[in-house]
Amino acid sequence: MSAREILIVDDDPATREGIAELLSLRELTPLLAADGPEALKLLKQHPAIRVVLTDVRLPGMDGVKLLGQMRLAHPHLQVVLMTAFHDRAVAMRALRQGANDFLQKPIRAEDLLQAIERSLHRARLEVVSSHWREVLDQLKTGTLICDPMGIVKSVTPEAAELLRRSADSMVGKPVWNSTHLGNVRDLFEEEPAAHVGLLVAERHLHFERVPVNRELGIALLLVIDVTEQRRMKKDLAGFAQEVETRVAERTRFLSEEIHFTERLLDTADVLIAYINPEDKLERWNKFGQIVTGLSVEEAERRLAKYARDENSPLQPVFDPRCPDEISGRMAAIPAEDGTERVLTWSARRFREGPGMWGRLIIGIDVTEQKQLETTLQNYNAYLEDMVKQRSRELKTKNAQLIHTARLASLGEMVGSIAHEMKQPLNVIAITADLIKLLRKNGKLNDDLLESNLDKIRGTVDRMATTINHLRGFTHIDATTFKSLTVKQVVNGSLALIGEQIRLEDLEIETEVDGEIPPFRGEQNQIEQVLINLLQNARDAVLELKEQQGRALTLEQRTIIVRGKPHSEKNWIAVEVQDRGSGMPLEVAEHIFEPFFTTKDSSRGTGLGLAICLNIMRAHGGDVEVESAPGKGSVFRMLFPVDTEAVMLASQHTGKQSPAK
Ligand SMILES: Nc1ncnc2c1ncn2[C@@H]1O[C@H](COP(=O)(O)OP(=O)(O)OP(=O)(O)O)[C@@H](O)[C@H]1O
Ligand SMILES: [Mg+2]
């Protein structure tokens, strides 16, 4: 049964059925409606209806009104009106409203069938054209309607625009009338071309003849601008190629990268192993193979053994289930040559899936480094031993040297003493002999006796002084040392000799900082040293006065005693500075030798500085001297700081301070 494309609307059932019967002869089955509303309802229910045949006179809503209503919802409906009257006015109104055809009652069967046939044909064409319109709208194409010979009948504005010609200039002439459209003729040949492509105003146009029913007597030409499509196609091709090139490049890069990484893994002086979640040794680099001499399969067995062995230090390193991240664990593994290699191991778990863990292990071979360290340690111990032994030897040597020096200086001194003593002893002997001779001759009177005895007495006194000085060379016992301050010894010395010096019209200035740390010593001895230095300074200033033959300036007359920390840490210095005669290098070289003096025998024994140096050395200290002729000298006594006392003092203040 064909689709129900026809609707008959008539209030007279006989007319409706009669028409239906007539149409059935043409195998058409119309739908039937008695009035307007029923017609509209059926139209809604049957979208296939294309042709409506309606009486003009209808109850309620007349045929013309119904036409208007139907047009609103179905603009492409073919409507044929029937009227019983010879009424031109109604017919004209109906046609203006958009009726497609008009039949006068009484209707002849032939007329009716023809009208229905025409309407159906038009309706179908309408469907085709509306369908095409849609397609054309989408394609944004132009359309040319020609007759079968190619003579243009109408041109859509889009077509005119695409062809760069006005519709008027084309209508009535063959499409190919224009030179650049020559090829379009091929579409109208006996065996027409499927389509024709042309370039018009730099646009690529595609001409296609749409097959339409011959009976319509038209040729439909579509003009499609395919420039964009062509461009897009080209772009697409270019893009595809670019993608391909990029993929190829990336692939090459990645394979190079992989190759590089592989090479890196294999050339690195580091053992690299990767155990996957299935306990397979997935990576075992060359270094691992070289160091252990194990192939991948052998290594897999060996490492699995480590992973199981709870006693092995390598167990947590190789067990993929071991959660720890391990770094810097040192452990040895057997090497191919039977020796052992010491490696520093690091291991890290990698999650490869739910509950699936792989383990990356890195071992750095530190065997040589370890050996070097051991050698170094041994060498260090050896060096320490050597140093100890050398120190012992040096100490012994030093003691020997000191002893030898002592002996030498003693020998020298004994000679000097013998010489020094012989002279006064001679004086005494001669004087005694003289007294004897005078008595024998009866010439010894009281005066002579008295003066000669005085001579003997004076000589004995001088000898006593020298002997007294010599006592400075006696052994100094360090066990009697006490912690002393610079102030203490400076004050002690000045109390003994200060007044004497001032009587010579000289000044003494002291610059002693209270902050100077203490030192250890025998107070009398240190004071003796300081007194010797002060006496020497006094002598030097007086000598300069004698040399100059005129009064001294205050600066020249002033002797400074200065206490200060030494430039070397944990030492202190006590200086005696004078602006006196000073001394040339050839004198300075000998001043510490016993009995070396530049003074006449009534003033100096030459033992002062020798004794000073002896005492200072016995205190672990020393004596320094700076001097320039005519400018003066500085004699510097150096002491090691009494660190014990300093420490005790700081502890004491540390304890005291919170209570303060
Ligand atoms: N401050 C000084 N300025 C210049 N020369 C000095 C000074 N101190 C010492 N000397 C030189 O060093 C020599 C040795 O000094 P030392 O104290 O050993 O003996 P002395 O002073 O000559 O005799 P003694 O000290 O036995 O009375 C002195 O004779 C003098 O030439
Ligand atoms: Mg002296």
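All of the points below concern the structure found in this document. Everything numeric in this text was worked out from a predicted model, so none of it was measured. (Residues numbered from 1 in each chain as written. Chains lettered and ligands numbered in written order. Predicted model: local features only at pLDDT ≥ 70, side-chain atom pairs only at ≥ 80, totals over all residues.)

A separate point is the sheet that holds strand β17 (residues 507–512). What the five strands build is an open sheet, ordered β17-β19-β20-β22-β21; its pairing is mixed. The outermost strands of the open sheet, each flanked by one partner alone, are β17 and β21 (622–628). For this sheet, the mean angle separating the axes of adjacent strands, direction not counted, is 15°. Pairing geometry for strand β20 (residues 571–578) and strand β22 (residues 632–640), over eight bridges, is antiparallel. Counted as the bridge partner of Ile572 is Phe639 from β22. Packing of helix α14 (residues 486–503) onto the sheet brings it into contact with β17, β19 (558–565) and β20, and relative to β17 it is tilted by some 175°. Its contacts with the sheet put helix α15 (residues 523–548) on β19, β20 and β22, and the angle it makes with β20 is roughly 25°. (Pairing = 2+ DSSP bridges. Helix = DSSP H or I, 4+ residues; strand = E, 2+ residues; numbered from the N terminus. Axes fitted to C-alpha atoms, helices over the stretch in contact; angles between N-to-C directions. Contact = placed C-beta atoms within 7 Å.)

Okay, the site of ligand 1 next. Not every one of the 23 residues close to ligand 1 is listed here, only the nearest: Asn536, Ala540, Thr597, Gly604 and Gly608. Of all elements in the fold, only α15 and α18 (608–618) reach the threshold of two or more residues within the shell around ligand 1. Here the element with the most residues in the shell around ligand 1 is α15; it accounts for four residues. For the shell around ligand 1, a count of residues per class yields nine nonpolar, 12 polar and two charged. (Near = placed C-beta within 6 Å. Nonpolar A, V, L, I, M, F, W, Y, C, P; charged D, E, K, R; others polar.)

Right, let's talk about the environment of Val296 for a bit. Among the structural elements, Val296 can be located in helix α10 (residues 296–308). According to the C-beta neighbour criterion, Val296 is partly exposed, with 14 such atoms within 10 Å. Placed 13 residues apart in sequence, Val296 and Arg283 show a C-alpha to C-alpha distance of 8.0 Å. For Val296, the contacting residues outside a window of four places in its chain are Leu281 and Trp284. (Buried ≥ 20, exposed ≤ 12 C-beta atoms within 10 Å, placed from the backbone.)

If you walk across this open sheet you meet the five strands as β7-β6-β10-β9-β8, and the pairing is antiparallel. The outermost strands of the open sheet, each flanked by one partner alone, are β7 (152–155) and β8 (195–200). On average, adjacent strands in this sheet sit at an angle of 25° to one another, irrespective of strand direction. Sheet topology note: the strand β9 (residues 203–210)/strand β10 (residues 219–225) ladder contains six bridges and is antiparallel. Counted as the bridge partner of Arg209 is Leu221 from β10.

All right, on to helix α2 (residues 36–45) then. Among the residues making up α2, those that are buried are Gly36, Ala39 and Leu43. Buried residues along α2 cover an arc of 60° about the axis, so they all sit on one side. Opposite its buried face, α2 presents the exposed residues Lys41, Lys44 and Gln45, each directed more than 90 degrees away. (Arc of directions from axis to C-beta.)

Outside of glycine, negative phi angles account for most residues, and trans bonds account for most peptide bonds. Located in the positive-phi region is Ala201, a residue other than glycine, with phi close to 45°. The exposure class of Ala201 is exposed, given the 10 C-beta atoms found within 10 Å. Not every positive phi belongs to a glycine, and Asp505 is a case in point at roughly 70°. Tracing the chain through its elements places Asp505 in the loop between α14 and β17. Under the C-beta neighbour-count criterion, Asp505 is labelled exposed, with 12 such atoms within 10 Å.

Here we come to the packing of α2 against helix α3 (residues 63–73). Running from amino to carboxyl end, α2 crosses α3 at an angle of 20°, the nearest separation of the two axes being 10 Å. Considering their axes alone, α2 and α3 lie roughly parallel with respect to each other. As for how α2 packs across α3, the hand of that crossing is right-handed. Here Gly36, Ala39, Leu40 and Leu43 of α2 come into contact with α3, specifically with Lys65, Leu66, Gln69, Met70 and Ala73. Looking at the contact of α2 with α3 residue by residue, the class counts come to six nonpolar, two polar and one charged. (Parallel < 35°, antiparallel > 145°, perpendicular 65-115°, else oblique. Left-handed = near helix turned anticlockwise from the far one by under 90°.)

The next subject is the environment of Ile428. Along the chain, Ile428 falls in helix α12 (residues 367–440). Considered as a pair, Ile428 and Arg457 are 29 residues apart in the sequence and their alpha carbons are 8.7 Å apart. Apart from residues no more than four positions distant in its own chain, Ile428 is found in contact with Ile456 and Thr459.

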